[in-house]
Amino acid sequence: MTPKTKSKNRLKKILPWLDVLAITAWGILILKYWLTNKLNLLIHPDYFWLAILGAIGLITIGLFKTKQLLQRRHEITPNVQHLTLFPPGWSSTLLLTTAILGLIITPRVFASQTALQRGVTDLVGATRAQPQAFRASVRPEERTLVDWVRTLNVYPEPDAYTGQKVKVQGFVIHPPDLGQEHLFLARFVITCCAADAYPVGLPVKLKQTRDQYPPDTWLEIEGQMVTENLANKRQLTIDATSLKKIPQPKNPYTY
């Protein structure tokens, strides 16, 4: 048997195990995200059960294939040629590498730069947050930031809310079209998964410049609603009377 033939035979024995490792690693990765409370950074909680069942299914398949390969390790497999788009083992190697990186690297929370790239300022009064989630019975000071944006979806006239109290939490953005006396407070909303996450929020009027509140700082802001002309547009704005820095919430997204 030539060295080339030996190398091919060795590769044929390794490739099935590579598939098993890739399948099992992805199942372990999804379960790890779930057990470490990182799954909510990737998908909507309504779909957790589907991801968990999928992970269990992948691990089960991996165990079944392992048992099958151990039983067949002494069998001689026929030399069957398969037409593939990529070299043998390439796709499994890619999947396994991605899973290993996922086990090593923690998913990152979307930040202000992502919000600016996705056009956060364009979402005020025109957000994709669903109007049916609007809760008219909630007192103004009990509304979350997303509740306020949804309220604006239902009735977008900013003067209707003038003087109403507000207490909201979110992260800081410094939009280039707002002056130093304003910042933007935002939250990301997930409808299905992180790929479709979009930012919503409201401008905040400050008593001082925004320099002491860097982008991505999490704040709890209290104040009252006023109407301001910002970027050539009448916008509902929080006139802040209290700004308190807070830790990033355990779950920074909303749904």
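K.L.:
Can you lay out the environment of L183 for me, pointing to particular residues and giving the numbers?
P.N.:
Its place among the elements puts L183 in strand β2 (residues 182-189). In this structure L183 touches V172, I173, H174, L178, L202, P203, V204, L206, R210, Y213 and L219, once residues within four positions along its chain are discounted.

K.L.:
Describe the nonpolar core, and please don't skip the residues or the numbers.
P.N.:
Core analysis: the largest hydrophobic core is formed by 19 residues, its most contacted members being W148, V204, M225 and I238. Those elements giving two or more residues to this core turn out to be α5 (145-154), β1 (165-173), β2, β3 (198-205), β4 (218-230) and β5 (233-245). For V204, the residues in contact, after removing those within four places along its chain, are E181, H182, L183, L185, I221, T237, I238 and A240.

K.L.:
Go over helix α2 (residues 48-71), please, and point to the residues and values.
P.N.:
Between its terminal C-alpha atoms α2 stretches 35 Å, which fits the 34 Å expected from 24 residues at 1.5 Å a residue. Three or more residues of α2 are buried, namely F48, A51, I52, A55, G62, Q68 and L69.

K.L.:
Now, about a nonpolar patch on the surface: what can you tell me, with residues and values included?
P.N.:
Residues I28, I100, L101, L103, I104 and I105 make up a contiguous nonpolar surface patch of about 540 Å² in total accessible area. On the secondary structure map, I105 appears in the loop between α3 (90-104) and α4 (112-117).

K.L.:
Pulling in residues and values, what's your account of the side chain of E228?
P.N.:
One can find E228 in strand β4. Of note is the side chain of E228, whose polar atom sits 3.0 Å from the side chain of H182. At a separation of 3.5 Å, a polar atom in the side chain of E228 contacts the side chain of K205. Setting aside residues up to four positions removed in sequence, E228 forms contacts with H182, K205, K233, R234, Q235 and T237.

K.L.:
Which residues make up the pairing of β5, and what values do they have?
P.N.:
In terms of strand pairing, β3 meets β5 through two bridges, oriented parallel. When the sheet's bridge partners are listed, K205 is paired in β5 with D239. Bridging between β4 and β5 involves 12 bridges; their strand directions are antiparallel. Counted as the bridge partner of V226 is T237 from β5. Between the end of β4 and the start of β5, which pair antiparallel, lie two residues, with A231 showing a positive phi angle near 50 degrees.

K.L.:
Tell me about the packing of aromatic side chains, and please be specific about residues and values.
P.N.:
With the rule as written, the count across this model stands at six aromatic pairs. Ring geometry for F110 versus F188: centroids 5.3 Å apart, planes at 45 degrees, classification tilted. You can see F110 sitting in the loop between α3 and α4 and its partner F188 sitting in strand β2, a full 78 residues away along the chain. Overall, F110 belongs to the partly exposed group, its relative accessible area being 22%. On the numbers, 6.3 Å between centres and 75 degrees between planes, the contact of F188 with Y253 is edge-to-face. Taken together, the residues span a long stretch of sequence, with F188 in strand β2 and Y253 in strand β6 (residues 253-254) at a distance of 65 residues. There is no split in this pair, since F188 and Y253 are both buried. Positioned above the aromatic ring of W148, the side-chain terminus of R143 is 4.5 Å from the ring centre.

Calculation criteria
Residues numbered from 1 in each chain as written. Predicted model: local features only at pLDDT ≥ 70, side-chain atom pairs only at ≥ 80, totals over all residues. Heavy atoms only, no water. Helix = DSSP H or I, 4+ residues; strand = E, 2+ residues; numbered from the N terminus. Contact = heavy atoms within 4.5 Å. Core = buried A, V, L, I, M, F, W, Y, C linked by side-chain atoms within 4.5 Å. Buried < 20%, exposed > 50% of the residue type's maximum accessible area, 1.4 Å probe, protein only. Expected span 1.5 Å × (residues − 1). Patch = residues over 30% accessible without salt bridge, like charges linked within 9 Å, V, L, I, M, F, W, Y side chains within 5 Å. Areas by Shrake-Rupley, 256 points an atom, 1.4 Å probe, with all protein chains shown as cover. Salt bridge = Lys/Arg side-chain N within 4 Å of Asp/Glu carboxyl O. Polar contact = N/O pair within 3.5 Å; in protein donor to acceptor, adjacent residues only side chain to side chain. Pairing = 2+ DSSP bridges. Phe/Tyr/Trp six-rings, centres within 6.5 Å; stacked < 30°, edge-to-face > 60°. Lys NZ or Arg CZ within 6 Å of the ring centre and 35° of its normal.

Keep in mind these numbers describe shape, not what the thing actually does.
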